[in-house]
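Below, each chain spelled out in residue letters.
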Amino acid sequence: MNNLSFGGMTDPGVVRSVNQDSYYIDPERRFFIVADGMGGHAGGQEASQIATETIQAHLEEHWNSPRAAGELLQEAITAANEKIIEDQLKNPERQEMGTTLVIAIFRDDGSWYTHIGDSRLYRFREQKLEQVTEDHTLIARAIKMGDMSEEDAKNSPYRHILLKCLGRPGLLPVTVSPLDVQSGDSLILCSDGLTEEVSDEEISDYLQTGADCQEIVENLVAAAKKAGGSDNITVVMVSC
């Protein structure tokens, strides 16, 4: 799908002075990455940048290899995890740093996605918004198991506890899945700085305006800031 249009933006938000999010849009429209670092001033920004840059470099170098997309993404994420751990060992003050991640790629062997943590991928099709990814969080697991309602989860003090992130030894293979996408669909890749402030219904409303990708991205970031902007906000939109 080489006729994709896109937009992207990252913003520190209203409360935080440092932006620990990173994103990358391949100029050739082959892949899109959003990473949300954690570790405060001690490394979150570095973790997300290392992940984004390492994955970008790996995908670019091996894009035309005969390896399947799933294998290629696994290699890229493993390389990023190792790079972050290397940086932790060299800089002990950053030993707690890590990052979430969401990636969508468009290759000859199909469209694929993967994610780690609570950065999300949404698909907007026929005026309906669907969350494609499932958050790797304690709360998401509790909801899935029926131990907590979605309403209670909104106010839980544990809603930011991650079950998976990059920057930890023994990272298990990530799940790389086919991305069901067709002409007319739109995708949103975002950090939780958007979804903590703007509901899925509101995101859907902005996508229905018919504006171009960059304008919608900027409007979503502005909405998150207006709603409180308590975290860094990163949004990438892809229109198919």
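Structure shown above.
Everything numeric in this text was worked out from a predicted model, so none of it was measured. Position numbers for residues count from 1 along each chain, tracking the sequence in the order it is written. Totals for whole chains, interfaces and linings use every residue, but because this is a predicted model, local features are given only for residues with pLDDT of at least 70 and side-chain atom pairs only at 80 or more, for both listing and counting. With hydrogens and water set aside, each side-chain value is computed from the structure's full complement of heavy atoms.

**Here's the deal with the side chain of Asp11**
Labels follow the DSSP assignment, with helices taken as runs of H or I lasting at least four residues and strands as runs of E lasting at least two, numbered in each case from the N terminus. Topologically, Asp11 is positioned in strand β1 (residues 5-11). A polar side-chain atom of Asp11 sits 2.7 Å from the main-chain amide nitrogen of Gly13. Every residue pair with non-hydrogen atoms within 4.5 Å of one another is taken to be in contact. With residues up to four places along the chain from it excluded, the contact list for Asp11 reads Asn19, Val221, Lys225, Asn232 and Ile233. Each polar contact in these results corresponds to two N or O atoms within 3.5 Å; when the atoms are within protein, one needs to be able to donate a hydrogen and the other to accept it, and residues that are neighboring in sequence are counted only if both atoms are side-chain atoms.

**Brief notes about the pairing of strand β9 (residues 186-190)**
Per-residue accessibility, obtained with a 1.4 Å probe over protein chains only, is compared with the maximum for each type, and a residue is labelled buried under 20%, exposed over 50%, and partly exposed between these values. Burial analysis of β9 places five of its five residues in the buried class, which makes it a mostly covered element. Both faces of β9 are covered, namely the face carrying Ser186, Ile188 and Cys190 and the face carrying Leu187 and Leu189. Note on pairing: DSSP must find at least two bridges between two strands before they are called paired. In terms of strand pairing, strand β6 (residues 120-125) meets β9 through five bridges, oriented antiparallel. Note on β9: the bridge partner recorded for Arg123 is Leu187. Inspection of the sheet shows β9 paired to strand β10 (residues 233-239) by five bridges, in the antiparallel sense. Note on β10: the bridge partner recorded for Ser186 is Ser239.

**Regarding the pattern of salt bridges**
Here a salt bridge means any side-chain nitrogen of Lys or Arg lying within 4 Å of a carboxyl oxygen belonging to Asp or Glu. A full pass over the atoms with the stated rule returns twelve salt bridges. The salt bridge involving Arg107 is made with Asp109; its shortest N-O contact spans 3.2 Å. The shortest N-O distance in the salt bridge between Asp180 and Arg125 comes to 3.2 Å. Of the two residues, Asp180 is situated in the loop between β8 (177-178) and β9 and Arg125 in strand β6; the sequence distance between them amounts to 55 residues. One network of salt bridges, in which partners are shared, links Asp26, Glu28 and Arg30.

**Things to note about the nonpolar core**
What is meant by a nonpolar core is a set of buried Ala, Val, Leu, Ile, Met, Phe, Trp, Tyr and Cys residues, joined one to another through side-chain atoms within 4.5 Å. In terms of nonpolar packing, the biggest core is built from 26 residues, with Ile55, Leu59, Ile77, Leu101, Ile103, Ile105 and Leu166 touching the most fellow members. Elements with a minimum of two residues in this core: β3 (31-38), α1 (44-62), α2 (69-90), β4 (98-107) and β5 (110-116). Among the elements that line this core, the one with the most residues is α2, at seven residues. Filtering out sequence-adjacent residues up to four positions away, Ile103 remains in contact with Phe32, Ile33, Ile55, Leu73, Ile77, Trp112, Tyr113, Thr114 and Leu189. Listed in part, the 18 residues of the second largest apolar core include Tyr122, Cys190, Leu220 and Val221.

**Examining the sheet that holds β3**
If you trace the five strands from one edge of the open sheet to the other, you get β2-β3-β4-β5-β8, paired in antiparallel fashion. Among the strands making up the open sheet, the edge pair consists of β2 (21-25) and β8. To get an axis, a line is fitted to the C-alpha atoms, and for a helix only the part in contact is used. The angle between two axes follows their N-to-C directions and goes from 0 to 180 degrees. The strands touched by α1 within the sheet are β2, β3 and β4, with β3 carrying the most contacts at an inclination of about 155 degrees. Taken strand by strand, α2 contacts β4 and β5, and its axis lies near 155 degrees from that of β4.

**A word on the side chain of Thr52**
Structurally, Thr52 is set in helix α1. Apart from residues no more than four positions distant in its own chain, Thr52 is found in contact with Ser22, Tyr23, Tyr24, Ile33 and Ala35.

**Focus on the state of the cysteines**
In this description, the term disulfide denotes a pair of cysteine sulfurs within 2.5 Å. Scanning all chains against the criterion turns up zero disulfides. Summary of cysteine pairing: Cys165 is not part of a disulfide, and the nearest cysteine sulfur, belonging to Cys190, is at 18 Å. Here Cys213 stays free of any disulfide, with the sulfur of Cys240 as its closest cysteine sulfur at 8.9 Å.

**Concerning the sheet that holds β1**
Taking strand neighbours across the sheet as the criterion, the five strands line up as β1-β10-β9-β6-β7 in an open arrangement whose pairing is antiparallel. Two strands close off the open sheet at either side, each with one partner strand: β1 and β7 (128-131). Taking each pair of neighbouring strands and ignoring which way they run, the sheet shows an average axis angle of 15 degrees. Sheet strands in contact with helix α6 (residues 200-207) are β6, β7, β9 and β10, and its direction is about 50 degrees off that of β6. Sheet contacts for helix α7 (residues 213-226): β1, β9 and β10; angle to β1, the most-contacted strand, approximately 25 degrees.

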